[in-house]
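Descriptive analysis of the structure
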Amino acid sequence: MSEYLITLDAWSDAGSGGSVVTRYLSTHGRASGPAEVPANTLYEPRISDPGFIEASLFGAGRTFGAGSVTAGEVVLSNADGALDGWLDDGFDGRAIRIDRIADPRLGLAAAERLFTGTMEAVDATSDALTSLRLRLYDRRLDLDQPIQSARYGGTTAAAGASADGGRIWLSKVRPLVFGRVFKVPAVSVNPHNLIYQVHDGAVGAISVFDAGVPLTDDGDVASLAALAAAVIPGGRYRTCRALGLFRLGAAPYRTVTADVVEGAALADRSAARVVERMLIRMGLGASVDAVSVAALAAAAPGEAGIFIGDERSGLAAMQDVLASVGGWLLTAPTGAIEVGRLAAPGVPVMQIGEGQIEARSLRLLRVSDPGEGLPAWRVVLRHRRHWHQYQAGDVAEMLSQELRADLARDALDVIAEAPAVRSRHPLAPELTFDTLLTDVGAAAAEAARRLALYSVRRDLVALDVPAEMAGAARLGVSVRLVLSRLGYQAGRDMVVIGRREQWRDGLVTLTLWG
């Protein structure tokens with residue numbers, strides 16, 4: 001039977017002034033040797049249930065949308081009361097690592113990392129006198145925080161080199177742009193000098209519109225002081241791209257918006273690279289899996305962009321960007337943050353046969369996507385979003401009806417169709433996807449890719465296999481399922497889109513799609 005090891009951190013008031021301490025637990029009890037890491041360390045035999053972790057790329061039964069991770073509770077034996085003092089310690093926000101050694105006779109070097117995450121608390125179970133439980137969070141908790149912490153101070157009360165917003169902007173978050181965006185609402189950070197902000201940081205280009213009419217770029221300056229001192233003719237604007245600012249030459253007629261480019265080159269504005277910079281912005285750059293980012297950037301190079309003007313979480317914003325290319329984000333057992341996208345099954349990393357599946361555990365499931373898994377005959381993909389929704393009173397009367405209609409839209413559509421699918425499947429659905437792609441060519445290519453993905457039969461299968469054989473079946477990889485029935489006799493390649501590891505039982509439930 002496998003041995004499970006837990007390493008966790010906690011704040012303890014024991015000793016002088018209190019400090020963070022590291023504790024070591026196991027299911028079997030072990031003392032490490034002087035040459036092991038950590039050396040000469042006792043792992044107390046306290047784990048009665050190492051818990052579980054359940055993760056899916058897009059949510060249960062889904063093949064697009066937001067992913068989900070659920071980390072189960074670890075139950076610790078405390079019949080002797082030795083852990084009672086833990087209830088006074090601080091576990092919230094502290095790190096926890098869970099490892100497995102397939103054969104307890106092996107050393108620590110044989111340990112396999114199962115989980116790297118964060119604890120919420122330690123509390124008592126239904127039998128408080130015999131056990132305690134640790135409530136866990138996946139590392140995605142680090143991402144599920146507001147991506148922008150910088151706020152306006154509301155101190156700009158007069159003309160001059162200030163861009164801190166007036167009193168109405170006190171404590172409101174500063175805007176952020178990643179990639180290329182269109183018609184974002186510019187924030188009036190100094191109405192006395194007609195200074196606006198579109199991004200809290202440096203950008204590559206700013207194109208300004210007043211009531212939908214493009215103004216003339218009067219050049220760029222390097223500092224806020226230079227921007228405030230500039231003399232700018234009416235109908236023009238000057239930028240300070242290093243600070244994401246611009247200044248108008250005359251009072252605006254109506255609504256002021258801007259097209260903004262962030263990211264040095266086109267290749268830097270793919271969905272993968274945009275998400276990478278968002279992670280860096282949140283201080284998580286060291287956790288990014290660079291290999292997965294490079295792979296997704298190569299597979300989906302189309303330009304994307306997002307504007308963030310509120311307190312939305314980094315995780316939600318990143319999922320919106322990745323959804324543009326059918327992408328996903330998850331944290332690996334090591335704690336690294338990985339990205340990828342759902343594609344047709346590729347080269348399988350392993351084969352699963354009937355002899356490897358736990359008895360009576362094979363299930364054919366219903367897909368939870370729109371259309372419930374029926375082959376789709378049409379894909380509508382929305383792109384080139386306008387971040388400000390123009391109303392009739394926002395737009396200058398001088399503009400043509402065609403331009404006014406274009407400004408009033410929120411996005412453009414591209415369509416990919418396979419009418420023949422309806423001959424076989426009269427109820428074949430039409431699937432609509434909202435994306436943050438900016439280019440019609442990239443949007444058309446993605447629509448065609450998704451039509452190819454969803455216009456044919458796809459099965460959703462769940463099965464249980466021993467943990468020892470499921471290591472290679474990680475989320476996002478392809479496996480081959482071979483059965484004597486259901487048309488799987490020659491094998492069917494499928495993508496692992498869900499995985500539940502019940503560590504105490506030594507079983508892994510795989511959800512496969514393909």
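Located above this text is the structure these notes cover.
When its secondary structure is counted, the chain shows 8 helices and 32 strands. With the C-alpha coordinates aligned to their principal axes, the bounding extent of the chain is approximately 80 × 75 × 40 Å. Out of the 514 residues belonging to the chain, those deemed buried represent 52%. Pairs at least 24 apart in sequence give 67% of the contacts found in the chain among residues at least 6 apart. Working note: accessible area of the chain is about 22,300 Å², and carbon and sulfur atoms make up 53% of it. Charge centroids of the chain, computed over 52 positive and 59 negative side chains, lie 5 Å from each other.

What follows covers the nonpolar core. Among the nonpolar cores identified, the biggest contains 97 residues, and Phe246, Met278 and Leu481 are the most heavily contacted of them. Sort the elements by how many residues they give to this core and helix α3 (residues 271–281) lands first, with 6 residues. Counting 23 residues, the second-largest nonpolar core is a separate cluster that includes Ile47, Ile53, Trp86 and Leu134.

What follows deals with the environment of methionine 469. Looking at where methionine 469 falls in the secondary structure, it is placed in the loop between β29 (460–466) and β30 (478–482). As for methionine 469 and arginine 499, which are separated by 30 residues in sequence, their C-alpha atoms are 13 Å apart. What methionine 469 contacts, discounting residues up to four positions off in sequence, is Met350, Ile352 and Gln356.

Strand order in the open sheet formed by 5 strands is β13-β14-β19-β18-β17, and the pairing between neighbours is mixed. One side of each edge strand has no neighbouring strand; the edge strands of this open sheet are β13 (187–190) and β17 (216–220). Here the average twist between neighbouring strands, direction ignored, is 35°. In this structure, β13 lies alongside strand β14 (residues 195–197), joined through 3 bridges in antiparallel fashion. Following the sheet pairing, valine 187 is matched in β14 by glutamine 197.

A few words on unusual backbone geometry. Proline 38 follows valine 37 through a cis peptide bond whose omega is 0°. Position of proline 38 relative to the elements: it lies in the loop between β3 (30–31) and β4 (42–45). A positive phi is found at serine 171, a non-glycine position, where the angle reads about 70°. With respect to the helices, strands and loops of the structure, serine 171 is situated in the loop between α1 (140–143) and β12 (176–185). Of note in the backbone geometry, lysine 183 takes a positive phi value of approximately 55° without being a glycine. Here lysine 183 lies in strand β12.

For the rest of this paragraph, the subject is α3. Those residues of α3 that fall on the buried side of the exposure criterion are Ala271, Ala272, Val274, Val275, Glu276, Met278 and Leu279. Two residues or fewer past α3, glycine 283 is found with a positive phi of approximately 80°.

It is the rolling of a water-molecule-sized probe over the atoms that shows where space remains empty. Per the stated rule, a full pass over the model turns up 5 cavities of 30 Å³ or more. Considered as a void within the structure, the largest cavity measures approximately 100 Å³ in volume. Around the largest cavity sit Val367, Asp369, Pro370, Gly373, Leu374, Pro375, Leu431, Tyr454, Val456, Arg458 and Trp513, which together line it. Of the residues in the lining of the largest cavity, the class split is 8 nonpolar, 1 polar and 2 charged.

Definitions and limits used
Residues numbered from 1 in each chain as written. Predicted model: local features only at pLDDT ≥ 70, side-chain atom pairs only at ≥ 80, totals over all residues. Heavy atoms only, no water. Helix = DSSP H or I, 4+ residues; strand = E, 2+ residues; numbered from the N terminus. Buried < 20%, exposed > 50% of the residue type's maximum accessible area, 1.4 Å probe, protein only. Contact = heavy atoms within 4.5 Å. Areas by Shrake-Rupley, 256 points an atom, 1.4 Å probe, with all protein chains shown as cover. Lys, Arg positive; Asp, Glu negative; His and termini not counted. Charge placed at Lys NZ, Arg CZ, Asp CG, Glu CD. Core = buried A, V, L, I, M, F, W, Y, C linked by side-chain atoms within 4.5 Å. Pairing = 2+ DSSP bridges. Axes fitted to C-alpha atoms, helices over the stretch in contact; angles between N-to-C directions. 1 Å grid on protein atoms, 1.4 Å probe; cavity = no way out; pocket = protein on both sides within 12 Å on 5 of 7 lines; lining within 4 Å. Points joined across faces, edges and corners; volume = space filled by probe spheres on them. Nonpolar A, V, L, I, M, F, W, Y, C, P; charged D, E, K, R; others polar.

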